[in-house]
Protein chains: 2
Amino acid sequence: MKRGVKNQIVKLLKERPGWHPTARIIYEHLKGKMPGLAFSSVYRALLALSSEKKIRGFTLDSEDEKRYEIYTKSHPHFKCTECGRVYDIDIDINLAFKELVEVHTGHIVKDVHITYFGICNECLRKKVKKIVKDNDV
Amino acid sequence: MKRGVKNQIVKLLKERPGWHPTARIIYEHLKGKMPGLAFSSVYRALLALSSEKKIRGFTLDSEDEKRYEIYTKSHPHFKCTECGRVYDIDIDINLAFKELVEVHTGHIVKDVHITYFGICNECLRKKVKKIVKDNDV
DNA sequence: ATTTGTGCAAATCCTTTGCAGATAA
DNA sequence: TTATCTGCAAAGGATTTGCACAAAT
């Protein structure tokens, strides 16, 4: 392997837990250390790593680019509708209502994807600050 | 309006609750009654209807085409990993764990998207039938 | 020598847009 | 007339693929 795109991607994702970059963002980050890196090589590496279950690709509703994260126990995500950031939610509610759904529908549930949308604590803080300032509280 | 693509789409979606067609499938269905219908007209109508909140477009993880449904109270979906069908889950668990997530993270939750993946009751029935037959039970 | 990884360009696939003509108000 | 809707073709944007060459085994 010439420069090991796959290894670089895994390293990058491990270095920043809670970070959910798109292929393009990953490409931008790697291009620094790997001059001449091709976009398609990143895609190919992402495909390979996904099928090896080293990483997980996921699409958030209303987005058109896939995001990637290190493969771990599947967990919910939270997307801030103000700043766009995506957070991991580290609460184990993944098989939420599994039994209820199974009994109610007769289907068998094997996995659940949950995404919360709202305002993240950081944007919330900014909003509050602004209100306090504007109203001279 | 020449032939009312928007009205046709709403009609089509209302006729079949639990049906989550993609733009292409909607186009195929309408083309019958509307010869000469352009693909782009369907897309434009879907965009308009979505922003009017008459319909809702959503993307399921690992799919690359948007699906559409009549706009109703947001609810979970179930996708069968065998046959690919997408079902509505009519159990009110949408703001599932809202408070828990808010307290735990400090974010404010405004909406939740939940998708279950597994084997639907119909595929399950077929599997069971096959097993019964193969084993001459 | 054989397999695997990579860069580059071209091709796909889904979706959006520009524009001119048709329709409705 | 004025605003809206349409069809058609072209453009966009993300992802995939073919191919020849480079690198590793």
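Predicted model, so just to flag it, every value in this text is computed and none were measured. (Residues numbered from 1 in each chain as written. Chains lettered and ligands numbered in written order. Predicted model: local features only at pLDDT ≥ 70, side-chain atom pairs only at ≥ 80, totals over all residues. Heavy atoms only, no water.)

Peer 1: Break down the relation of the copies chain A and chain B for me, citing the residues and quoting the values.
Peer 2: Expressed as a screw operation, the relation of chain A to chain B combines 0.0 Å of axial shift with a rotation of 180°, fitting to an RMSD of 0.1 Å. Taken together, the rotation and translation describe the operation of a two-fold axis. When each C-alpha of chain A is compared by its distance to the rotation axis, I114 of chain A comes out closest, at 2.3 Å. Both copies share a contact surface, since 100% of the interface residues of chain A are interface residues in chain B too. (Least-squares fit on C-alpha atoms with pLDDT ≥ 70 in both. Contact = heavy atoms within 4.5 Å.)

Peer 1: So what's going on with the interface of chain A and chain B? Which residues, and what values?
Peer 2: Every contact between the two is made by 33 residues of chain A and, on the other side, 33 residues of chain B. Summing the contributions of chain A and of chain B, the shared interface buries around 3100 Å²; its carbon and sulfur component is 66%. Taken as a group, D61, H107 and H113 of chain A account for 19% of the area that chain A buries against chain B, more than any other trio of residues on that side. Viewed at the interface, chain B and chain A are joined by 0 salt bridges. At the boundary of chain A and chain B, one finds 16 residue pairs in polar contact (both at pLDDT 80 or more). Going through the elements one at a time, α4 (98-105), β5 (108-119) and α5 (121-134) of chain A are the ones with two or more residues in the side of chain A that touches chain B. With 12 residues, β5 of chain A is the largest single contributor of residues to the side of chain A that touches chain B. (Buried area = accessible area lost by both parts, 1.4 Å probe. Salt bridge = Lys/Arg side-chain N within 4 Å of Asp/Glu carboxyl O. Polar contact = N/O pair within 3.5 Å; in protein donor to acceptor, adjacent residues only side chain to side chain. Helix = DSSP H or I, 4+ residues; strand = E, 2+ residues; numbered from the N terminus.)

Peer 1: Residues and numbers for the side chain of R67 of chain B, please.
Peer 2: All names here are of chain B. The topology assignment puts R67 in strand β2 (residues 67-70). A relative accessible area of 14% means that R67 is categorised as buried. A polar contact of 2.8 Å, which involves the side chain of R67, links it to the side chain of E63. Discounting chain neighbours no more than four positions away, the residues touching R67 are H20, P21, T22, R56, G57, F58, L60, K79, G84 and V86. (Buried < 20%, exposed > 50% of the residue type's maximum accessible area, 1.4 Å probe, protein only.)

Peer 1: Describe the layout of surface pockets, and please don't skip the residues or the numbers.
Peer 2: Taken as a whole, the largest pocket holds about 880 Å³ of empty space. In terms of lining residues, the largest pocket is bounded by 45 residues, among which F58, D111 and H113 of chain A together with D61 and F117 of chain B are the most central. Of all the elements in the fold, those that place two or more residues in the lining of the largest pocket are α3 (39-51), β1 (55-58) and β5 of chain A together with β1 (55-58), β3 (77-80) and β5 (108-119) of chain B. Among the residues making up the lining of the largest pocket, the classes are represented as 15 nonpolar, 19 polar and 11 charged. There is about 550 Å³ of room inside the second largest pocket. As for the second largest pocket, its lining consists of 20 residues, and the residues nearest its centre are S62 of chain A together with K53, R56, G57 and H113 of chain B. Secondary-structure elements contributing two or more residues to the lining of the second largest pocket are α3 (39-51), β1 and β5 of chain B. With 5 residues, α3 of chain B is the largest single contributor of residues to the lining of the second largest pocket. Considered class by class, the residues forming the lining of the second largest pocket number 7 nonpolar, 7 polar and 6 charged. Taken domain by domain, the lining of the second largest pocket gets at least three of its residues from each of domain 1 (1-72) and domain 2 (73-137) of chain B. (1 Å grid on protein atoms, 1.4 Å probe; cavity = no way out; pocket = protein on both sides within 12 Å on 5 of 7 lines; lining within 4 Å. Points joined across faces, edges and corners; volume = space filled by probe spheres on them. Nonpolar A, V, L, I, M, F, W, Y, C, P; charged D, E, K, R; others polar. Domains from an automatic or database assignment.)

Peer 1: Give a description of the nonpolar core that names residues and reports values.
Peer 2: In terms of nonpolar packing, the biggest core is built from 30 residues, with F78, I114 and Y116 of chain A together with F78, I114 and Y116 of chain B touching the most fellow members. Secondary-structure elements contributing two or more residues to this core are β3 (77-80) and β5 of chain A together with β3 and β5 of chain B. Among residues more than four places away in sequence, those in contact with F78 of chain B are H107, I108 and V109 of chain A together with R85, V86, Y87, I89, Y116, F117, G118, I119 and C120 of chain B. (Core = buried A, V, L, I, M, F, W, Y, C linked by side-chain atoms within 4.5 Å.)

Peer 1: Break down the packing of aromatic side chains for me, citing the residues and quoting the values.
Peer 2: All names here are of chain B. Enumeration over the complete set of coordinates arrives at 7 aromatic pairs over all chains. Plain terms: the ring middles of Y27 and F39 are 4.7 Å apart, the flat faces sit at 20° to each other, and that makes the pair stacked. In this pair, Y27 sits in helix α2 (residues 23-33) while F39 sits in helix α3, placing the two residues 12 residues apart along the sequence. With relative accessibility at 14%, the residue Y27 sits in the buried group. (Phe/Tyr/Trp six-rings, centres within 6.5 Å; stacked < 30°, edge-to-face > 60°.)

Peer 1: So what about the domain arrangement of chain A? Which residues, and what values?
Peer 2: All names here are of chain A. On domain assignment, one finds that chain A holds domain 1 (1-72) and domain 2 (73-137). Each partner contributes residues to the interface: domain 1 has 10 residues there, and domain 2 has 11 residues. Taken over both partners, the interface formed by domain 1 and domain 2 buries close to 810 Å², and the fraction arising from carbon and sulfur atoms is 52%. Counting the surface domain 1 buries against domain 2, the share from its top three residues, H20, L60 and T72, is 48%. In this assembly, domain 1 and domain 2 are joined by 1 salt bridge. Of the charged contacts, one joins K79 and E63 as a salt bridge, the two residues approaching to 2.3 Å between their closest N and O atoms. On the surface where domain 1 and domain 2 come into contact, there are 6 residue pairs in polar contact (both at pLDDT 80 or more). Secondary-structure elements contributing two or more residues to the side of domain 1 that touches domain 2 are β1 and β2 (67-70).

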